[in-house]
Amino acid sequence: MAVALYSRRKRPSALSGVVAFIRRRHWTFFVGSAIFLVILALLIIAPWISPYNPAQQSLRLRLNAPSAVHWLGTDHLGRDLLSRVLIGGRFTVTIAAVTVILSVVIGTFIGIISGRSRGLVDEVLMRTVDLLISIPDVVIAIFLVAIFGPGYGTLIASLTIVGWTPFARLSRGLTLSINSQEYIRAAEVLGCTRRFIIFRHVIPNTIRPIAAVAFLRFGHKLITVGGLSFLGLGVQPPAADWALMLADAQAYAERMPILVIAPGLAIFLSALSVTWIGHGLNIDTKKSSGH
């Protein structure tokens, strides 16, 4: 019976999976994807489309209003604001993306191992998750920056140390749910190896829920990286960064509101777009689980 159950289980084709996803589409996913793709494209081609060198200063042009020459005006050091906004997001988005990718890989791997192993291994891993998840990202970032100094590696390490824990919990819960399915028991009866079951059945069935959470966490990481840069723990002057631009613009916000609006709007749209993507994926996941 187990052999028949396992052999009759059909795996959907890639095309049918895409069609099913489109049918379950939600407007937040597509609108968020469109906004994020535009932002991502602008950040990628920023070095070629920036009208000026973002670090070039000209005190003679400081705090100029938007014009045909400088579309968004200039900051307190005469640097072109549009160029700095285009270049400034590369640091924030790169750090957030690398951190989320590492967190997904590490957390999913640990969660699946925990869910498949159970016993002492499961207990040790989950208690480690409970310990790390109670420590705020910012505390670890400040601690590591105090030791190693600010930089890409320091921020990635500090945000990944805690960032993998939600994915470990999620993947463990999904793995436990998948373990109870009849086709998993049939595969075990047939003598399929643990590695085969994990890569053939467990991982494919955890991709969409984990992807939904990953995009939601991506938005959170964007805000966290921005907050650390605002506190001076991220990219250092004269490099351009959205949060650092916000910090520099505080003293000139009343005279030149665009200095705050431009980088603030960039952070808001980036975080909103990835949150909408995660929200859309999460709705699709709920729909698919209900059939």
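The structure displayed is predicted, hence computed values, not measured ones.

(A) Geometry of the overall build of the protein. When its secondary structure is counted, the protein shows 13 helices and zero strands. Listing the helices and strands of the protein from first to last along the sequence gives α-α-α-α-α-α-α-α-α-α-α-α-α. Counting every position in the protein, which comprises 291 residues, the buried fraction comes to 43%. Sequence separation of at least 24 residues holds for 76% of the intrachain contacts in the protein that already meet a minimum separation of 6.

(B) Spatial organisation of the nonpolar core. Among the nonpolar cores identified, the biggest contains 30 residues, and Phe218 and Trp242 are the most heavily contacted of them. Within the residue set of this core, elements represented by two or more residues are helix H3 (27–44), helix H5 (81–117), helix H9 (165–179), helix H11 (194–230), helix H12 (242–249) and helix H13 (258–289). With seven residues, the single largest contributor to this core is H13. If near-sequence neighbours (up to four positions away) are discounted, Phe218 is found in contact with Phe36, Val93, Ala96, Ala97, Val100 and Val274. Within the second largest apolar cluster, twelve residues are counted, among which are Phe91, Ile95, Leu155 and Ile156.

(C) A look at the environment of Ala214. Here Ala214 shows up in helix H11. With 60 residues separating them in the primary sequence, Ala214 and Val274 have C-alpha atoms 9.2 Å apart.

(D) The pattern of salt bridges, seen in detail. Within this structure, the stated rule accounts for five salt bridges. Its salt-bridge partner being Arg84, residue Asp75 comes within 3.8 Å of it at the nearest N-O pair. With respect to class, Asp75 is no different from Arg84; both count as buried. Arg169 is the salt-bridge partner of Asp130, the closest N and O atoms lying 2.5 Å from each other. Of this pair, Asp130 sits in helix H6 (residues 119–133) while Arg169 sits in helix H9, placing them 39 residues apart in sequence.

(E) Here's a closer look at the packing of aromatic side chains. Counting across every chain of the model gives two aromatic pairs. When the centroid spacing of 5.1 Å and the interplanar angle of 85 degrees are considered together, the rings of Phe29 and Phe30 count as edge-to-face. Phe29 gets classed as buried once you look at its relative accessible area, which sits at 13%. Judged by relative accessible area, which is 35%, Phe30 ranks as partly exposed. Taking 5.8 Å as the distance between ring centres and 80 degrees as the angle between the ring planes, the aromatic pair formed by Phe36 and Phe218 counts as edge-to-face. Of the two residues, Phe36 sits in helix H3 while Phe218 sits in helix H11, which places them 182 residues apart along the sequence. Accessibility classification places Phe36 together with Phe218 in one group, the buried group.

(F) Spotlight on the side chain of His70. Assignment of secondary structure puts His70 in the loop between helix H4 (46–49) and H5. His70 gets classed as buried once you look at its relative accessible area, which sits at 8%. Those residues in contact with His70, other than ones at most four positions away along the chain, are Tyr52, Leu61, Ala65 and Asp80.

(G) Structural context of a nonpolar patch on the surface. Nonpolar side chains collect at one region of the surface, where Val38, Leu42, Ile44, Ile45, Trp48 and Ile49 lie side by side and expose about 610 Å² of accessible area between them. Here the nonpolar patch takes three residues from H3, the largest share from any one element. Take Leu42: it is sitting in helix H3. Exposure remark for Leu42: the relative accessible area of 36% places this residue in the partly exposed category.

(H) Region of the structure containing H9. Between the first and last C-alpha of H9 there are 21 Å, a value that for 15 residues agrees with the 21 Å anticipated at 1.5 Å per step. When H9 is considered as a whole, its buried residues turn out to be Thr165, Phe167, Ala168, Ser171, Leu174, Thr175, Ile178 and Asn179.

About the criteria used
- Numbering of residues begins from 1 in every chain and follows the order in which that chain's sequence is written.
- Per-residue local features of the predicted model are confined to residues with pLDDT of at least 70, and side-chain atom pairs are confined, for both listing and counting, to 80 or more; whole-chain, interface and lining totals are unaffected and use all residues.
- Calculated side-chain values reflect all of the structure's heavy atoms, with hydrogen atoms and water omitted.
- Helix and strand definitions here come from DSSP, where helices need a minimum of 4 consecutive H or I residues and strands a minimum of 2 consecutive E residues; each element is numbered from the N-terminal end.
- Each residue gets one of three labels from its accessible area relative to the maximum for its type: buried under 20%, exposed over 50%, partly exposed in between, using a 1.4 Å probe on protein chains only.
- We call two residues in contact when some of their heavy atoms are within 4.5 Å.
- Each nonpolar core is a collection of buried residues, namely Ala, Val, Leu, Ile, Met, Phe, Trp, Tyr and Cys, held together in the definition by side-chain atoms within 4.5 Å.
- Salt bridge criterion: a side-chain nitrogen from Lys or Arg within 4 Å of a carboxyl oxygen from Asp or Glu.
- Stacked, tilted and edge-to-face pairs are distinguished by plane angle, under 30 degrees for stacked and over 60 for edge-to-face with tilted covering the rest, among Phe, Tyr and Trp rings (Trp via its six-membered ring) whose centres lie within 6.5 Å.
- Residues form patches when they are more than 30% accessible in relative terms and have no salt bridge. Like charges link within 9 Å. Nonpolar side chains (Val, Leu, Ile, Met, Phe, Trp, Tyr) link within 5 Å.
- The Shrake-Rupley method, run with a 1.4 Å probe, gives the accessible areas here. Residue values count only the displayed protein chains as cover.
- Expected helix span is given by 1.5 Å per residue-to-residue step, counting one fewer step than there are residues.

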